[in-house]
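Spelled out from the first residue to the last, the chains are:
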Amino acid sequence: MSTRPIAMEAVHMFMRIDHVGIACHDLEEKIAFFERTFDLRVVARETNEEQGVKEAMLHIADGEGGGSYIQLLEPLGPDTPVGKFLAKRGEGVHHVAFGVPDVAEAMREIGGRGVRVLDAEPRHGTLGSSIAFLHPKDMGGVLTELVQAPDTGDAAPGH
Ligand code: CMX
Ligand code: CO
């Protein structure tokens, strides 16, 4: 096993964990739980018809190129990615999202390495971000999201 330290100047495709997406049946109930248990604060609420979700972002920290959050997801209906997930597996971690400097570039690069990219083009994500998903079957069973934070220089809107 190598004990060499990782070079500090190493450039990673993933800059940080942007968020962990958690599927739930009742968004308001889960928001209240995270607020009262961990003193977290909701910085964005959105309905994203394209993704089939009603969602809330709870801010945890600021990092390189953007913040990190918990994303709570309630499906808009049973025939949506989160609706199908809840029916099959129940509440729990739905996906992990990594911050990337340029989502289109990351999609090309990762797609070229044999991982199925589920989106042909970057889509609209929370807080004005651009997002794309990688197939869970190519990612060790973990649905993975790529997130490019909006170009505003404001990593945590709502502050
Ligand atoms: N994590 C891990 N595995 C998952 C999964 C998830 N979130 N969702 C589905 N799977 C697995 C299923 O368990 C199933 O595996 P088996 O065949 O072994 O049972 C397989 O993938 C196929 O699942 P399915 O229920 O038939 O669902 P689909 O193939 O129709 O869709 C997926 C799966 C990942 C392609 C689809 O959910 C998708 O495109 N997701 C991306 C968009 C999304 O999730 N949006 C909501 C979040 C929005 C946001 O974060 O902003
Ligand atoms: Co997400």
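All of the points below concern the structure found in this document. (Residues numbered from 1 in each chain as written. Chains lettered and ligands numbered in written order. Predicted model: local features only at pLDDT ≥ 70, side-chain atom pairs only at ≥ 80, totals over all residues. Heavy atoms only, no water.)

Below, the discussion takes up the coordination of the cobalt ion (ligand 2). The textbook angles at a metal center are 109.5 degrees for a tetrahedron of four donors and 90 or 180 degrees for an octahedron of six. Within the protein, His19 (NE2), Gln71 (OE1), His95 (NE2) and Glu145 (OE) serve as the donor atoms for the cobalt ion (ligand 2), at 2.1 Å. Taken in chain order, the donor set of the cobalt ion (ligand 2) reads H-x51-Q-x23-H-x49-E. One end of the pair, glutamine 71, is in strand β4 (residues 66-75); the other, glutamate 145, is in strand β8 (residues 144-148), and 74 residues separate them in sequence. Glutamate 145 matches glutamine 71 in its accessibility class, with the two residues each being buried. (Donors = N, O, S within 2.8 Å, 3.2 Å for Na, K, Ca; no water. Helix = DSSP H or I, 4+ residues; strand = E, 2+ residues; numbered from the N terminus. Buried < 20%, exposed > 50% of the residue type's maximum accessible area, 1.4 Å probe, protein only.)

This brings us to the site of ligand 1. Every one of the 18 residues lining ligand 1 counts as a neighbour, but Gln51, Lys84, Arg89, His94 and Lys137 are closest to it. Contacts to ligand 1 include glutamine 71, whose side-chain N or O atom sits 3.0 Å from an oxygen atom. Considering ligand 1 on its own, with 980 Å² of exposed area, one finds that the protein chains cover 73% of that surface. Mapped onto the shell around ligand 1, the elements with two or more residues apiece are α2 (81-89) and β5 (92-99). By residue number, the principal contributor to the shell around ligand 1 is α2, which donates six residues. (Near = heavy atom within 4 Å. Polar contact = N/O pair within 3.5 Å; in protein donor to acceptor, adjacent residues only side chain to side chain. Areas by Shrake-Rupley, 256 points an atom, 1.4 Å probe, with all protein chains shown as cover.)

Once that is clear, we can look at the pattern of salt bridges. Here the structure, examined in full by the defined rule, presents 10 salt bridges. In this structure, arginine 16 engages aspartate 18 in a salt bridge whose closest nitrogen and oxygen atoms are separated by 2.5 Å. Note on accessibility: arginine 16 and aspartate 18 belong to one class, buried. Among the salt bridges present, the one from glutamate 50 reaches arginine 123, with a minimum N-O distance of 2.8 Å. Here glutamate 50, found in the loop between β2 (41-48) and β3 (53-63), pairs with arginine 123, found in strand β6 (residues 123-124); they are 73 residues apart in sequence, far enough to count as distant. A relative accessible area of 30% means that arginine 123 is categorised as partly exposed. In the salt-bridge network here, residues are joined through shared partners; they are Glu29, Lys30 and Glu91. (Salt bridge = Lys/Arg side-chain N within 4 Å of Asp/Glu carboxyl O.)

This paragraph deals with the nonpolar core. Counting residues in hydrophobic clusters, the biggest one holds 10 residues: Ile22, Cys24, Leu27, Ile31, Phe34, Leu40, Ala56, Leu58, Ile70 and Leu72. Those elements giving two or more residues to this core turn out to be α1 (27-38), β3 and β4. In contact with leucine 40, other than residues within four places in its own chain, are Phe34, Glu35, Leu58, His59, Ile60 and Ile70. (Core = buried A, V, L, I, M, F, W, Y, C linked by side-chain atoms within 4.5 Å. Contact = heavy atoms within 4.5 Å.)

Bringing α2 into the picture now. A turn of α-helix holds 3.6 residues, and therefore any two residues three or four places apart point the same way. Every buried residue of α2 is accounted for by Val82, Gly83, Phe85 and Leu86. The buried residues of α2 occupy one face: seen down the axis, they fall within an arc of 165°. Exposed residues pointing more than 90 degrees away from the buried face of α2 are listed as Lys84, Ala87 and Lys88. Against the buried residues of α2 lie β1 (16-23), β3, β4 and β5. (Arc of directions from axis to C-beta.)

The next subject is the environment of proline 75. Along the chain, proline 75 falls in strand β4. We classify proline 75 as buried; its relative accessible area is 19%. Separated by 27 residues in the primary sequence, proline 75 and asparagine 48 place their C-alpha atoms 9.8 Å from one another. Setting aside anything within four residues of it in sequence, one finds proline 75 in contact with Cys24, Gly52, Thr80, Val82, Gly83 and Leu86.

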